[in-house]
Number of protein chains: 2
Amino acid sequence: MPARSAPRPMPASRAGQEPLLALEEFLPYRLNRLADKVSREFSKIYADRHGLTRPEWRTLATLGQFGTMTATEIGAHSSMHKTKVSRAVSALEKRKWLARGIDPLDRRLEHLTLTRAGHAAYRDLVPLMKAHEARLLGRASASERQAIQNAIEVLERALKL
Amino acid sequence: MPARSAPRPMPASRAGQEPLLALEEFLPYRLNRLADKVSREFSKIYADRHGLTRPEWRTLATLGQFGTMTATEIGAHSSMHKTKVSRAVSALEKRKWLARGIDPLDRRLEHLTLTRAGHAAYRDLVPLMKAHEARLLGRASASERQAIQNAIEVLERALKL
DNA sequence: GCTTGATGGTTGCAAATCCAATTGTTACGG
DNA sequence: CCGTAACAATTGGATTTGCAACCATCAAGC
């Protein structure tokens, strides 16, 4: 008696229905690969130059942009989980690039601000980062650059970001 | 309502030195945020349904697409470091979703193939993944979808991916 | 043969990440 | 006021990662 011969739809000839999914055309894969490559290139700058991690750089960048914020606000604006922010803040505080200020009206809050040294690092990094971005986008035409901006906006909207 | 707090000095407090870098307009940040959100949404599918990690899913997807490959080839095609591939392969082998075959002419190589169970999981997942991709892209118009494809291609070219 | 250098794949370990509590504080309904 | 719920931020511990060192095999030159 033939073992395991439940009625199966079709014999094994899988020609014609394969490949079912082409990874290299699959949106999440492509986005991830792009982001990964870009991130690697850019992180080289702040990692080599100041030994920063990505959460630390983002925290620095957010405070550099807004001046003073709480940890929660940093997380909201830079899309980082609060534990990442917390650890990035500790690290930056340890190297005295930011200082914590208390809120007299709500002692749960910590108002974080870059120190002079933190700001110096920020001002050191920003032109390098922008230059690298310009160099990368410079490989595309002006209209292509515009298309990239539009596409990102469409995706951000679709993802409710 | 959030707790009351002392009036927070906004960017205005840094009059004279405008924000040098707006994170929310910075390409690497935006790409990373997009990829992260997308990845999170899609990984819910294979994580919830089969307890797969992303490297495991990518390995499964690559083998499902190409049939038989070596670990190095999987890494090249799915943009994963060889250690990730190695660990994903072990995990998939442990649950008997793939089998290793030796190459009689070069015993360094391992030819990896999905087992029947592995292929079943692949066939189970692919429609769900594609449907989710379609649902996501469905929030954009046809011309916007085309613009997204073009933008990604431009970036891939600029990054030599 | 033997040595040297490349290649495929794994492993050890430190660093980074994630999730679920935990602490301390404030807001609010009774 | 009291008890409870919400909130800001931190911490602990298991999981993932990333890098380098490693083992095994092959290829080429001598």
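Here, every reference points to the structure presented above.
These lines cover the structure that appears in this document, whether it is placed above or below. None of the values given here were measured: they were computed from a predicted structure.

### Looking at helix α5 (residues 116–137) of chain A
(1) Moving on: For α5(A), spanning 22 residues, the distance from its first C-alpha to its last is 32 Å, which sits close to the expected 32 Å at 1.5 Å a residue.
(2) Moving on: Of all the positions in α5(A), only Gly118(A), His119(A), Ala121(A), Tyr122(A), Leu125(A), Val126(A), Met129(A), His132(A), Glu133(A), Leu136(A) and Leu137(A) are classed as buried.
(3) Moving on: Contacts made by the buried residues of α5(A) are with α1 (27–50), α2 (54–66), β3 (110–114) and α6 (142–158) of chain A together with α1 (27–50) and α6 (142–158) of chain B.

### What to know about the protein's contact with DNA strand C
(1) Moving on: Close to DNA strand C lie 22 residues, the nearest being Arg87(A), Thr72(B), Ser86(B), Arg87(B) and Arg100(B).
(2) Moving on: For DNA strand C, a base nitrogen lies 2.9 Å from a polar atom in the side chain of Arg87(A).
(3) Moving on: Take Arg87(B): an N or O atom from its side chain is 2.9 Å from a base oxygen of DNA strand C.
(4) Moving on: Counting residues per element, the ones that place at least two in the surface near DNA strand C are α4 (82–94) of chain A together with α3 (71–78) and α4 (82–94) of chain B.
(5) Moving on: The dominant element in the surface near DNA strand C, judged by the number of residues it contributes, is α4(B), at 4 residues.
(6) Moving on: Taken together, the residues that form the surface near DNA strand C break down as 4 nonpolar, 6 polar and 12 charged.

### Description of the packing of α1(A) against α6(B)
(1) Moving on: At a minimum axis distance of 11 Å, the contact between α1(A) and α6(B) shows a crossing angle of 35°. Judged by the sense of rotation from one axis to the other, the crossing of α1(A) with α6(B) is left-handed. Counted together, Leu27(A), Arg30(A), Arg33(A) and Leu34(A) of α1(A) and Ile148(B), Gln149(B), Ile152(B), Glu153(B), Leu155(B) and Glu156(B) of α6(B) form the full contact between these two elements.
(2) Moving on: Across the contact of α1(A) with α6(B), the residue classes tally to 5 nonpolar, 1 polar and 4 charged.

### Examining the nonpolar core
(1) Moving on: Within the largest apolar cluster, 85 residues are counted, with the highest numbers of intra-cluster contacts made by Trp57(A) and Trp57(B).
(2) Moving on: Excluding residues within four positions of it along the chain, Trp57(A) makes contact with Tyr46(A), Leu52(A), Leu125(A), Met129(A), Leu21(B) and Phe26(B).

### A word on the interface of chain B and chain A
(1) Moving on: Each partner contributes to the interface: chain B provides 69 residues, whereas chain A provides 73 residues.
(2) Moving on: Both faces combined, the contact of chain B with chain A buries some 6700 Å², and carbon together with sulfur accounts for 64% of it.
(3) Moving on: Where chain B meets chain A, there are 6 salt bridges.
(4) Moving on: Our count for the contact surface shared by chain B and chain A stands at 30 residue pairs in polar contact (both at pLDDT 80 or more).
(5) Moving on: For the side of chain B that touches chain A, the elements supplying multiple residues, two or more each, are α1, α2 (54–66), α3, α5 (116–137) and α6 of chain B.
(6) Moving on: Considering every element that reaches the side of chain B that touches chain A, the biggest residue donor is α1(B), with 14 residues.
(7) Moving on: Taken together, the residues that form the side of chain B that touches chain A break down as 36 nonpolar, 12 polar and 21 charged.

### Describing the side chain of Ser78(A)
(1) Moving on: Tracing the backbone shows Ser78(A) in helix α3 (residues 71–78).
(2) Moving on: The exposure class assigned to Ser78(A) is buried, which follows from its relative accessible area of 0%.
(3) Moving on: Apart from the residues within four sequence positions on either side, Ser78(A) is in contact with Arg58(A), Thr62(A), Leu23(B) and Tyr29(B).

### Let's talk about α2(B)
All names here are of chain B.
(1) Moving on: Counted at 1.5 Å a residue, the expected span for α2 with its 13 residues is 18 Å, and the 18 Å between its end C-alpha atoms agrees.
(2) Moving on: Counting buried residues along α2, 10 of its 13 residues qualify, which places the element largely inside the surrounding structure.
(3) Moving on: By the burial criterion, the buried members of α2 are Glu56, Trp57, Arg58, Thr59, Leu60, Ala61, Thr62, Leu63, Gly64 and Gln65.

### Describing the relation of the copies chain B and chain A
The operation relating the two chain copies consists of a rotation about an axis and a shift along that axis.
(1) Moving on: Rotating chain B by 180° and moving it 0.0 Å along the rotation axis overlays it on chain A with an RMSD of 0.1 Å. This pairing of chains is accounted for by a two-fold axis.
(2) Moving on: A share of 87% of the interface residues of chain B reappears at the interface of chain A, consistent with the copies meeting face to face through the same patch.

### Focus on the pattern of salt bridges
A pair can form between side chains of opposite charge whenever their charged atoms are brought close.
(1) Moving on: Evaluated as defined, the whole model comprises 18 salt bridges over all chains.
(2) Moving on: The partner of Glu156(A) in a salt bridge is Arg33(B), with the nearest N and O atoms 3.0 Å apart. On the criterion of chain membership, the pair formed by Glu156(A) in helix α6 and Arg33(B) in helix α1 is interchain, its members lying in two chains. Side by side, Glu156(A) and Arg33(B) carry an identical accessibility label, which is buried.
(3) Moving on: For Asp36(B), the salt bridge identified is with Arg40(B), shortest N-O distance 3.1 Å. Within this pair, Asp36(B) and its partner Arg40(B) are both found in helix α1, separated by 4 residues, close to a single helical turn.
(4) Moving on: When its relative accessible area of 39% is taken as the criterion, Asp36(B) is described as partly exposed.
(5) Moving on: Via salt bridges that share partners, Arg30(A), Arg33(A) and Glu156(B) belong to a single interconnected network.

### Focus on unusual backbone geometry
(1) Moving on: The residue Lys96(A) is not glycine, and still its phi comes out positive at about 60°.
(2) Moving on: Looking at the element boundaries, Lys96(A) is found in the loop between α4 and β2 (98–102).
(3) Moving on: We classify Lys96(A) as exposed; its relative accessible area is 62%.
(4) Moving on: Phi is positive for Lys160(B), close to 55°, though the residue is something other than glycine.
(5) Moving on: In this fold, Lys160(B) is placed in the segment after α6.
(6) Moving on: Judged by relative accessible area, which is 66%, Lys160(B) ranks as exposed.

Basis of the calculations
- Throughout, residues of each chain are indexed from 1 in the direction in which the sequence is written.
- A letter from A marks each chain and a number from 1 marks each ligand, given out in the order of writing.
- Confidence filtering applies because this is a predicted model: local features only for residues at pLDDT of at least 70, side-chain atom pairs given and counted only at 80 or more, and all residues used for totals across whole chains, interfaces and linings.
- Think of the side-chain values as coming from all heavy atoms in the structure, minus any hydrogens and water.
- Under the scheme used here, helices are H or I runs from DSSP no shorter than 4 residues and strands are E runs no shorter than 2 residues, and both carry numbers assigned from the N terminus.
- Multiplying 1.5 Å by the helix residue count minus one yields the expected span of that helix.
- Relative accessibility under 20% of the residue-type maximum defines a buried residue, over 50% an exposed one, and the middle range a partly exposed one, all with a 1.4 Å probe and only protein chains included.
- By definition, residues are in contact when any of their heavy atoms lie within 4.5 Å.
- Distances are taken per atom, and a residue is near a molecule or strand as soon as one of its heavy atoms is within 4 Å of it.
- Any pair of nitrogen or oxygen atoms within 3.5 Å is treated as a polar contact; in protein, a donor-acceptor pairing is required on top of that, and neighbouring residues in sequence qualify only through side-chain atoms on both sides.
- Each residue gets one label: Ala, Val, Leu, Ile, Met, Phe, Trp, Tyr, Cys and Pro are nonpolar, Asp, Glu, Lys and Arg are charged, and the others, such as Gly, are polar.
- Only the stretch in contact is used when a helix axis is fitted, and all axes are lines through C-alpha atoms; the angle between N-to-C directions ranges over 0 to 180 degrees.
- Left-handed describes a crossing in which the near helix is turned anticlockwise from the far one by less than a right angle; the clockwise case is right-handed.
- In this description, a nonpolar core means a group of buried Ala, Val, Leu, Ile, Met, Phe, Trp, Tyr and Cys residues linked to one another through side-chain atoms lying within 4.5 Å.
- When two components associate, each loses some accessible surface as probed by a 1.4 Å sphere; the sum of these losses over both components is called the buried area.
- For salt bridges, the criterion is a side-chain nitrogen of Lys or Arg within 4 Å of an Asp or Glu carboxyl oxygen.
- Least squares is used to superpose the copies, and the fit set is the C-alpha atoms of residues whose pLDDT is at least 70 in both copies.

So, to be careful, I would describe these as geometric facts and stop short of saying anything about function.
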